[in-house]
Amino acid sequence: MISYYADLAIGLILAFLLLSLVVSGINEGIVRLLGIRSKFLWAYLRDTLDGAETADGTSRLDRILDALKRFGRKARTPLTQEASPEEGRSRLPASVLGVFARLPFGRDPRPAFSRQPPPVESPPLAAAADSVAAEQMTASAEAPADAPADPAHTAGQADPEEAAVLTVDPAADGAAGGVLPPGQGKSMAELLHERLQEIDHAKRGRTSIADIPPARFAVAVMEIATEHGGVEALMRDLDALKSPFSRPLKAVWDRASHDLEAFRRGVEDWFDGEMERLSLLYRRYVRWVLVALGLVVTLVFSMDSLEYGKTLLRDNAYRSAVTAFGQAGPQALESIREQCRPGQDTYACVTDVLSTPAFVKIFTNAPVSVTMDAADGPAWAWHGGDWWQRLTSPGHWPGFLITLVALLFGAPFWWDILRRVSGLRARTSGSAPS
């Protein structure tokens, strides 16, 4: 009897493990295909290093996502992080729909891929093309030309000092502080990417970097600061660009008492903490995607955990009946005859039933099933009617719910449980078993 329950436990754990692997595989395929991890990282880096992007809201995708806010409380969650044009908006999505809709199919926050090694000399710092700082610099450059002329004091009547002021190039005024308008240099995020190009590979013409070691980030910031004239000069220009990075940079610089090595360690610790926070935010969004995928997998395979447990125990009862056949006679097979087709030979039926264990039967409830024939090979069959009947039967819903909850624990959890139950412990030489 104990072996029956051990078989039941191992069978359920193995079923949950395989279905969890299916869920994880589908999720990983979607994430890799759409490049969601790298886009999520660079959306954060763009927000932190370059500042907010312009809140124009003119793209068709943004309008579609805004329209979805009318449906339900969840859909009314800000999908595009609405903000005034002066403040801009975050590139990081604010909902699950934003992660798997706006982020993959909207404006790509990742820098363009380059096959060149990191340059010896980097371009000067400039405002990002889609940032609020770039929009304000462009507006200030165009403002003098649009200003109405004073009819009582024309340009021809201006003295030499006034003429010198009127002929100043706005771009040169921005360059004097180390900050250039967009198109005349590179943004802080692009300068960072230059320092990481040696570990990059292309993905549709964009960077595929999805993880930056904190130590490498700190060194890259030090390199950019060195080329820019020092840490204080870099902080001054980042502040002129309204970059959120200037505030933590200044806090670390003051805490380090202007010591470069302490400053590098401080930037490394700060970025490490930011990556932990970003990972928690990413997992919170992905968790709901895993719930949706788990529900789909459960319904597609119509995996009723309660029914599967009963089938596992019934399999053991069948095998006990066959074992007792030699002593009890044909009446011992009465429980198996219920599984036979009308008129089918009992012994042939026994072979079919015992050659299809309960673990295999859980995959025969899908809309499409395949059977292997020694002569004709694989044969596909459509069972859409039976599958739909199982889904609409309230008696299976508790088993479906148990399966869904079990899949949310993930494949690593069920693999660890399987190793513990079956006794497959990882051992290393010279160490005690865990």
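Residues numbered from 1 in each chain as written. Predicted model: local features only at pLDDT ≥ 70, side-chain atom pairs only at ≥ 80, totals over all residues. Heavy atoms only, no water.

> What is the right way to look at the overall build of the protein chain in this model?
Scanning the protein chain from terminus to terminus reveals 21 helices and 4 strands. Buried positions account for 38% of the 434 residues belonging to the protein chain. Of all intrachain contacts in the protein chain linking residues separated by at least 6 positions in sequence, the fraction that spans at least 24 positions is 72%. Summed over all atoms, the accessible surface of the protein chain reaches about 24,500 Å², with 60% contributed by carbon and sulfur. (Helix = DSSP H or I, 4+ residues; strand = E, 2+ residues; numbered from the N terminus. Buried < 20%, exposed > 50% of the residue type's maximum accessible area, 1.4 Å probe, protein only. Contact = heavy atoms within 4.5 Å. Areas by Shrake-Rupley, 256 points an atom, 1.4 Å probe, with all protein chains shown as cover.)

> Is there a simple way to think about the packing of aromatic side chains in this case?
The geometry of two aromatic rings is summed up by the distance between their centres and the angle between their planes. Evaluation of the coordinates by the stated rule reveals 13 aromatic pairs. Between Phe245 and Trp270, the ring centres sit 5.5 Å apart and the planes meet at 45 degrees, which makes this aromatic pair tilted. Here Phe245 is found in the loop between α11 (231-240) and α12 (246-255), whereas its partner Trp270 is found in helix α13 (residues 260-300), with 25 residues between them in sequence. What links up through ring pairs into an aromatic cluster is the set Phe16, Phe409, Phe413 and Trp414. (Phe/Tyr/Trp six-rings, centres within 6.5 Å; stacked < 30°, edge-to-face > 60°.)

> Would you take a moment to explain α12 for this structure?
The α-helix advances 3.6 residues per turn, and as a result positions three or four apart in sequence lie on the same side. Taken together, the buried positions of α12 are occupied by Ser246, Pro248, Leu249, Val252 and Trp253. For α12, the arc enclosing every buried residue in end-on projection is 165 degrees, short of the 170-degree limit, so these residues lie on one face. α12 presents Arg247 and Arg255 as exposed residues on the side facing more than 90 degrees away from its buried surface. Residues of α12 that are buried sit in contact with α10 (214-227), α11 and α13. Count one or two residues on from α12 and you reach Ser257, which has phi positive near 55 degrees. (Arc of directions from axis to C-beta.)

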